Amino acid sequence: MDYSQMAPADVRALIRKGEITGPTTGMCSGYAQGNLVVLPRALAWDFLLFCQRNPKACPLLEVADAGERTFAAFGRGSDIATDIPRYRVYEHGELTGEYTDVTKFFEQRGDLVSFLIGCSFSFESELLEAGVPVRQIEEGVNVPMYNTSIACTPAGVFSGNMVVSMRPIPHALVPMAVAITAGMPRVHGMPVQIGAPEAIGIRDLAHPDYGDPVTIRPGEVPVFWPCGVTPQAVVMHSKPEFCITHAPGHMFLTDVKNVQLKY
């Protein structure tokens with residue numbers, strides 16, 4: 001089924017029913033997608049500071065009240081615990097499970113605070129409209145993501161390095177891709193590196209740390225954007241006692257149009 005022209009609320013309903021469990025790239029064209037981080041209330045202030053100090057990797061869109069299970073501004077009627085295709089649960093920095101429904105954790109703990117963070121999937125429809133190819137959509141796979149040597153600014157208990165997503169861009173279209181994404185800072189903004197992965201600690205493009213490899217054709221340049229998987233790398237590094245995130249590439253589909261997140 002082609003989900004690109006469906007309304008976000010309708011796709012969220014299918015996710016809630018368990019009918020969609022895969023990556024959300026290319027879904028609900030024109031609408032912003034978001035990354036999820038859920039933490040106990042005692043850790044929420046530190047993570048809020050971390051987002052403020054690292055706005056490129058963690059552009060904060062919305063924060064729900066403790067125990068609340070909806071993003072009222074970005075997804076009216078949504079259920080944070082069921083409306084993402086796949087979740088990951090970490091305990092003391094270790095991945096302890098993947099789920100399609102995390103309701104039981106919200107019910108057991110009662111004080112969880114949910115953060116919605118901008119996602120680079122949101123600017124892909126803008127790139128496509130401008131004639132800039134998006135390879136993982138063409139190939140029907142998840143975007144390749146890589147750990148880097150770029151240190152984030154620490155805040156409280158949270159520290160670690162940035163994760164980036166990569167899209168191969170034809171050389172002549174790189175300036176256009178940079179200009180389009182620079183105008184969307186709430187969904188990561190402009191690239192952090194162009195054409196030299198080794199400069200940010202990436203040794204092998206064929207083996208991403210998250211997601212899937214994509215084809216880089218002759219005349220194309222690998223372009224790297226900050227990625228909302230950064231909090232997962234930070235969680236694994238900082239080892240908080242409990243955390244829920246989205247699985248890489250499995251995003252929260254918002255009701256907000258990408259154009260509303262431009263300058």
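Definitions and limits used
- Residues numbered from 1 in each chain as written.
- Predicted model: local features only at pLDDT ≥ 70, side-chain atom pairs only at ≥ 80, totals over all residues.
- Heavy atoms only, no water.
- Buried < 20%, exposed > 50% of the residue type's maximum accessible area, 1.4 Å probe, protein only.
- Helix = DSSP H or I, 4+ residues; strand = E, 2+ residues; numbered from the N terminus.
- Arc of directions from axis to C-beta.
- Contact = heavy atoms within 4.5 Å.
- Phe/Tyr/Trp six-rings, centres within 6.5 Å; stacked < 30°, edge-to-face > 60°.
- Core = buried A, V, L, I, M, F, W, Y, C linked by side-chain atoms within 4.5 Å.
- Disulfide = S-S within 2.5 Å.

A. The arrangement of helix H6 (residues 174–182) in detail. Those residues of H6 not exposed but buried are Val-174, Ala-177, Val-178, Ile-180 and Thr-181. When H6 is viewed along its axis, its buried side chains cluster within an angular range of 165° and face the same direction. Looking at H6, the residues exposed on the side facing more than 90 degrees away from the buried face are Pro-175 and Ala-179. Turning to H6, the residues buried within the fold contact helix H4 (124–129), strand S7 (161–170), strand S8 (193–194) and strand S9 (220–226).

B. Layout of unusual backbone geometry. In this model, His-92 sits at a positive phi of 50°, which is unusual for a non-glycine residue. Relative to the helices and strands, His-92 is located in the loop between strand S3 (87–91) and strand S4 (94–99). The phi angle at Lys-239 is positive, at roughly 60°, despite the residue not being glycine. Among the secondary structure elements, Lys-239 is positioned in the loop between helix H7 (230–238) and strand S10 (243–246).

C. The side chain of Arg-12, seen in detail. Locating Arg-12 in the fold gives a position in helix H1 (residues 8–16). The contact partners of Arg-12, leaving out residues within four places of it in the chain, are Gly-75, Arg-76, Ser-78, Asp-83, Phe-252, Leu-253, Thr-254 and Asp-255.

D. Fine view of the packing of aromatic side chains. Evaluated as defined, the whole model comprises eight aromatic pairs. Taken together, a centroid distance of 5.5 Å and an interplanar angle of 75° make the contact between Phe-47 and Phe-158 edge-to-face. Of this pair, Phe-47 sits in helix H2 (residues 41–53) while Phe-158 sits in the loop between strand S6 (145–151) and S7; the two residues are 111 residues apart in sequence, bridging distant segments of the chain. Measuring from ring centre to ring centre gives 5.4 Å for Phe-71 and Phe-252, while their planes differ by 80°; the resulting arrangement is edge-to-face. Residue Phe-71 is located in the loop between strand S2 (60–63) and S3, and its partner Phe-252 is located in strand S11 (residues 252–257); the two are separated by 181 residues in the primary sequence.

E. Up close: the nonpolar core. Of all hydrophobic cores here, the largest spans 36 residues; its most connected members are Leu-36, Phe-71, Val-102, Phe-106, Leu-127, Ile-169 and Ile-244. Taken together, the elements giving at least two residues each to this core come down to strand S1 (31–40), S3, helix H3 (103–109), strand S5 (112–118), H6, S9 and S11. Here the element with the most residues in this core is H6; it accounts for four residues. With 28 residues, the next largest nonpolar core counts Leu-49, Phe-50, Tyr-146 and Ile-200 among its residues.

F. Up close: H7. Burial analysis of H7 places seven of its nine residues in the buried class, the great majority of the element. When we look at burial in H7, the residues that qualify are Thr-230, Pro-231, Gln-232, Ala-233, Val-234, Val-235 and Ser-238. Where H7 terminates, the next one or two residues include Lys-239, which has phi positive at roughly 60°.

G. Representation of the state of the cysteines in the model. For the coordinates displayed, the defined rule picks out zero disulfides. Unpaired in this structure, Cys-119 has its nearest cysteine sulfur neighbour in Cys-227, at a distance of 7.1 Å. Residue Cys-119 is classed as buried on the basis of its relative accessible area of 3%. Cys-58 provides the cysteine sulfur closest to Cys-152, a residue in no disulfide bond, and the two sulfurs are 6.3 Å apart. Judged by its relative accessible area of 8%, Cys-152 falls in the buried class.

From the geometry alone we can't say anything about function, so treat these as descriptive.
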